[in-house]
Amino acid sequence: MYNIPANLKPTIKSFDLPPLQGETKEFAPQAWFLGPKSENRDLLAELVTSGLKRHVDGRLLFHPEDAPVFDEDFKKTPAYLNATDDMKKKTDQLLTFLQKSLPFSSLRYVGHMCSDVTIAAAVGYISTILYNPNNVTIQASPVTSYIEMAVGNDLCRMVGFEFPVTKSTDKKKKKQLKDDAIYPSCHLTSGGTVANCEAVWASYWAKFVPLALQEALIHESDLAAAKDITVKLCNGIPKKLSLLTSWEGVNIPADECVALPYRIADLCKLDPSKVTFICKQYHPSNVGLRKFLNKHELNDPVLFASASGHYSLPKAAALLGLGSDSLKLIPVDLHTRMDTTNLRAQLQACISHHIPIINVTCVQGSTEESSVDDFATVVKFRKEFNLKGLEFFTHLDYAWGGYYLSCIRDDYELENPETDVYKPQPAKKVATPFNSTNNLDPKYFCSNYFEAQMEAAKHCDTMTIDPHKAGYIPYPAGSVLYRNKRFRDILVFTATYIGGTNSPGAVGIYGIEGSKPGAAAAAVYLSHAIVRTSKSGYGQILKRTLLNTKLFYLRLLWLVGATDNFTVTGIPIPPPQAQLDSLKARLIVNGVMISSEEICKDLALVQELAEIGPDQNIICYTFNFKTPAGVINTDYQKLLTFNQKVYERFDYVPETGMKEFDVIVSNTDFLDHYGTPFLTNLASRIGVTNAPAVGVAIPAIRSTIMDPFANETTQGSAFDKVMSIFKTEITKIAASMVQESA
């Protein structure tokens, strides 16, 4: 028998895991990351080593009487030595090559939405990968499926999806509470693309449940007891399901749609999954969309989204067979947010022409410029158009900015941590300690507009959030959330070995993906356990990134003076010059940016900064050059060339020596679908007069400010160095443009 160390004791208890809930203790964001100079390298090494050791110990503990596959003497044989030498050599080659990777953790990296990850997330992921759990089914991941459920509940609470009260000593009242209860739900995905596709898929399928069940009532004897069931129309008027017109049937409120299988099951004394199975036989998911629409004499449905929406949205429409053209993009306003006036006109047109609407997607942090659409107004539109007989479901693409909701979420504690994962209940608020940046509430770092949109988030039907973006979690870790978990039921396709909806911990049966890594759930869990999804956790990180974004934006606007040979135009519309001058006088002292601690001593200053620049923490800006006479270039093609040269100077080429990369950015273009008002205004602000009316692509440099400590280094603001490099190098490029134009 293999000798087990004497001090090795079994320590695992079934699901003996601390709950995810807010804690009122001292928080130190500086301890949560490895750091740009590996400041916490010893801590990371200790925790990772501990994780690997515990895995090794677990293998030794599992039936210690079992024999090993080889003894220690085999390690001295040529075969073993050659194999391990080969492994070491090729590992070294890979590790050397990986050092050419983008330096996301550096304060000099201000490019894509990538940054350092939390130590907790890295340790959680690394510690789990050797177990290799597959969260497709609890049979293959009894531990990490449980963890994913805990994470899902936590994300629901962060966004404001509340769990209902279903406790009562009165049995009849308790049953009524459970029947009426709307439970939220969340599960992890590989990323925002899959989550967005699933959310659109869920809206698409839920939309047609009433008409599918209307037909099922005619043909299925098992449903006879429900023949007189009524539904509530979107204007609040009840009507028998069997008497609905096709137009009424595709304009039933979301909660009413997804509750129908349960209500019918109750009347017919059937399991809800049986009714859902019957429903599918008459649903377009089974019979096909064209056959279904023809049978019910319906026009082709459409979806609406902001022009700043992610490419996954037309992809979702294509995958569903609706066609990408069914996605109608709404132009943006001058702030790159959805033009709600245009949306309202489109909604009215759908009533006039009886065009069913699957959903309206609002971007809450676009991947180009981190703009936040006016969802609060869309919520008002929904109520207004419901009275006119039009219903549409709503989806929020919070993939990028979802964790900013922690800035408005109070700390909380769970009613019953022991049972919360399987039976979540409302959480109790607790006092939040703000132990850094002058104890300021993170909500003060959000603009009033942004805060209003976050408060409205709880009214959506579905939502996408990517922990692997502003949650600082390793890839892959996306998520899709449902305000009402019944929304997801019709999406279930399952195999007998996976289990059904009645299996506790069944998180893998929902959605598009099958197999998915349990390590991702562990990474999110451990990060959330340490960095809470509320004001005292992620709120402490993200309020810093918001402040740093505003400072970076202002530094760009202050980068050049009247005598410089280039200009910079921020895509976010700048404040008046008098305000810019006032802010500069208060923030720049003797040519140096004051510290964040100093800034945060002045609450009014913090709130003033919150109202300028982008909605979140991605900044787009465009450079233009001047002639020797100081005249701004007006030629569109030369603008393209100049910005391409700037981008190439600050781009990343892995074959080049790492020391040559002093600042790294990303880039983008604003295209026709953004709409004429925005493009015309932007071209005018840049100074270009001959941009094409069609096929325009106005270039922009793009910076994502993810590091919370960029303005808090031991030597002052990292932006001092970044801006100095910008000015020196762009001045050279502008001079070369003038020479080429001569």
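Owing to the predicted nature of the structure, the values given are computational and were not obtained by experimental measurement. (Residues numbered from 1 in each chain as written. Predicted model: local features only at pLDDT ≥ 70, side-chain atom pairs only at ≥ 80, totals over all residues. Heavy atoms only, no water.)

### A few points about a nonpolar patch on the surface
Rules: Note on patches: the residues involved have over 30% relative accessible area and no salt bridge, like charges join within 9 Å, and the nonpolar side chains Val, Leu, Ile, Met, Phe, Trp and Tyr join within 5 Å. Working definition of accessibility: Shrake-Rupley area with a 1.4 Å probe, residue cover restricted to the visible protein chains. One speaks of a salt bridge when a side-chain nitrogen belonging to Lys or Arg is within 4 Å of a carboxyl oxygen belonging to Asp or Glu. Secondary structure elements are defined from DSSP: runs of H or I of at least 4 residues count as helices, runs of E of at least 2 residues count as strands, and each element is numbered from the N terminus. Buried, partly exposed and exposed residues are distinguished by accessible area as a fraction of the type maximum, computed with a 1.4 Å probe on protein chains only: under 20%, between the cut-offs, and over 50%, respectively.
Among the surface-exposed residues, Leu-52, Ile-129 and Leu-130 lie close enough to one another that they form a single nonpolar patch of about 240 Å² accessible area. Inspection of the secondary structure puts Ile-129 in helix α3 (residues 119-129). You can call Ile-129 partly exposed: its relative accessible area is 42%.

### What to know about unusual backbone geometry
Omega for the peptide link from Tyr-475 to Pro-476 comes to -5°, which places this bond in the cis form. Inspection of the secondary structure assignment puts Pro-476 in the loop between β10 (462-465) and β11 (478-482). Unusually for a residue other than glycine, Ser-38 sits at a positive phi of about 55°. When you line up the elements, Ser-38 lands in the segment before α1 (41-61). For Ser-38, a relative accessible area of 28% gives the class partly exposed.

### Here we look at the packing of α3 against helix α17 (residues 518-530)
Worth spelling out the cut-off: Note on method: axes are straight lines fitted to C-alpha atoms, helices fitted across the in-contact stretch only, with angles between N-to-C directions ranging 0 to 180 degrees. Each crossing gets its hand from how the near helix is turned against the far one by less than a right angle, where anticlockwise is left-handed and clockwise is right-handed. When checking whether two residues touch, look at their non-hydrogen atoms; a contact exists if any pair is within 4.5 Å. All amino acids are sorted into three groups, where Ala, Val, Leu, Ile, Met, Phe, Trp, Tyr, Cys and Pro are nonpolar, Asp, Glu, Lys and Arg are charged, and the leftover types, Gly among them, are polar.
Viewed as axis vectors pointing N to C, α3 and α17 meet at an angle of 145°, and their least axial separation amounts to 7 Å. Read as a crossing pair, α3 and α17 show a hand that is right-handed. Seen from α3, the contacting residues are Ala-120, Ala-121, Val-123, Gly-124, Tyr-125, Thr-128 and Ile-129; seen from α17, they are Gly-518, Ala-519, Ala-520, Ala-522, Ala-523, Leu-526, Ser-527 and Ile-530. Partitioning the contact of α3 with α17 into residue classes produces 11 nonpolar, 4 polar and no charged.

### Some thoughts on the sheet that holds strand β6 (residues 357-363)
Test applied: At least two bridges found by DSSP between two strands is the condition for calling them paired.
Read across the sheet, 7 strands follow the order β1-β11-β10-β7-β6-β4-β5 without closing on themselves; strand pairing throughout is mixed. Two strands in the sheet have a free side with no partner beyond their single neighbour: β1 (185-189) and β5 (327-330). Each neighbouring strand pair of the sheet contributes to a mean axis angle of 20°, computed without reference to strand direction. Here 3 bridges tie strand β4 (residues 302-306) to β6, and the two strands are oriented parallel to one another. Counted as the bridge partner of Ala-305 is Thr-361 from β6. In the packing of helix α15 (residues 375-386) onto the sheet, contacts are made with β6 and β7 (393-398), and the angle to β7 comes to roughly 175°.

### Description of the packing of aromatic side chains
In plain terms, the rule: Each pair of aromatic rings taken from Phe, Tyr and Trp, with Trp reduced to its six-membered ring, is defined by centres within 6.5 Å and is described as stacked if the planes are under 30 degrees apart, edge-to-face if over 60, and tilted in the remaining cases.
This model, assessed by the stated rule, comprises 26 aromatic pairs. Ring centres of Phe-623 and Phe-726 lie 6.4 Å apart, and the angle between their planes is 70°; on these two criteria the pair is classed as edge-to-face. One end of the pair, Phe-623, is in strand β15 (residues 618-625); the other, Phe-726, is in helix α24 (residues 719-741), and 103 residues separate them in sequence. Of the residues examined, Phe-726 reaches a relative accessible area of 1% and is grouped as buried. Centre to centre, the rings of Phe-625 and Phe-642 are 5.5 Å apart; their planes meet at 70°, and the pair counts as edge-to-face. With Phe-625 in strand β15 and Phe-642 in helix α22 (residues 636-649), this residue pair connects regions lying 17 residues apart in the sequence. Since its relative accessible area comes to 4%, Phe-625 is described here as buried. For Phe-642, a relative accessible area of 0% translates into the label buried. Through successive ring pairs, a cluster of aromatic residues spans Phe-552, Phe-566, Tyr-621, Phe-623, Phe-650, Phe-719 and Phe-726.

### Some details on the nonpolar core
Rules: Definition of nonpolar core: a set of buried residues of the types Ala, Val, Leu, Ile, Met, Phe, Trp, Tyr and Cys, connected through side-chain atoms within 4.5 Å.
Membership of the largest hydrophobic core comes to 181 residues, with the highest contact counts inside it found for Met-463, Phe-552, Leu-587 and Phe-726. In terms of residues, this core owes the most to one element, helix α18 (residues 538-557), which gives 11 residues. Dropping the residues within four chain positions of it, Met-463 is found in contact with Val-159, Phe-161, His-395, Leu-396, Tyr-398, Leu-405, Ala-457, Ser-479, Val-480 and Leu-481.

### A few points about helix α6 (residues 192-207)
Selection rule: By this rule the span expected of a helix is its residue count minus one, scaled by 1.5 Å.
For α6, with 16 residues, the first-to-last C-alpha span of 22 Å sits near the 22 Å given by 1.5 Å per residue. Summarising burial for α6: 15 of the 16 residues are buried, a large majority.

### Regarding the UniProt feature "modified residue: N6-(pyridoxal phosphate)lysine" (unreviewed entry) in the chain
Inclusion rule: UniProt positions are given in the numbering used here, feature names are shortened, and annotations may be inferred rather than shown by experiment.
According to UniProt, the positions carrying the feature "modified residue: N6-(pyridoxal phosphate)lysine" (unreviewed entry) are Lys-469. Mapping Lys-469 onto the fold places it in the loop between β10 and β11. For Lys-469, a relative accessible area of 13% corresponds to the buried category. Excluding anything up to four places from it in sequence, Lys-469 contacts Met-113, Ala-399, Trp-400 and Met-706.

### Digging into the confidence of the model for the chain
We count it as follows: A residue's pLDDT is simply how confident the predictor is in it, with values from 0 to 100.
Chain-level pLDDT for the chain is 90 on average; 92% of the residues reach the 70-or-more range. Long-range and interchain partners of residues 1-14, a stretch whose pLDDT sits below 50, account for 14 contacts in this model, where long-range means more than four residues apart.

### Considering the pattern of salt bridges
Overall, the coordinates contain 34 salt bridges when judged by the stated rule. Residue Lys-727 is joined to Asp-564 by a salt bridge in which the shortest nitrogen-to-oxygen separation is 3.3 Å. With a gap of 163 residues between them, Lys-727 in helix α24 and Asp-564 in the loop between α18 and β12 (566-570) connect regions that are remote in the sequence. Note that Asp-662 and Arg-649 form a salt bridge whose closest N and O atoms lie 2.7 Å from each other. Of the two residues, Asp-662 is situated in the loop between α22 and β16 (666-671) and Arg-649 in helix α22; the sequence distance between them amounts to 13 residues. With a relative accessible area of 17%, Asp-662 lands in the buried category. Here the residues in one salt-bridge network are Asp-255, Arg-382, Glu-391, Asp-461 and Arg-483, joined through shared partners.

### Remarks on the side chain of Asn-548
Within the fold, Asn-548 resides in helix α18. When its relative accessible area of 0% is taken as the criterion, Asn-548 is described as buried.

### Quick notes on the sheet that holds β12
Taken in spatial order, the 4 strands of this open sheet run β12-β15-β17-β16, and their pairing is antiparallel. Only two strands of the sheet have a single neighbouring strand rather than two, namely β12 and β16. Neighbour to neighbour, the strand axes of the sheet diverge by 40° on average, direction disregarded. In this structure, β15 lies alongside strand β17 (residues 697-704), joined through 4 bridges in antiparallel fashion.

### Some points on the environment of Gln-348
Mapped onto the elements of the fold, Gln-348 is located in helix α14 (residues 340-352). Counting along the chain gives 126 residues from Gln-348 to Asp-222, while the straight-line C-alpha distance between them is 40 Å.

### Structural notes on the pairing of β11
Most of β11 sits out of view: 5 of its 5 residues are buried. Residues Gly-478, Val-480 and Tyr-482 point to one face of β11 and Ser-479 and Leu-481 to the other, with burial holding for every one of them. Across 5 bridges, β1 lies against β11 in antiparallel orientation. By the bridge assignment, Cys-186 is partnered in β11 with Leu-481. Taken together, the 4 bridges between β10 and β11 define a ladder with antiparallel strand orientation. Across the sheet, the residue bridging to Ile-465 is Ser-479, located in β11.

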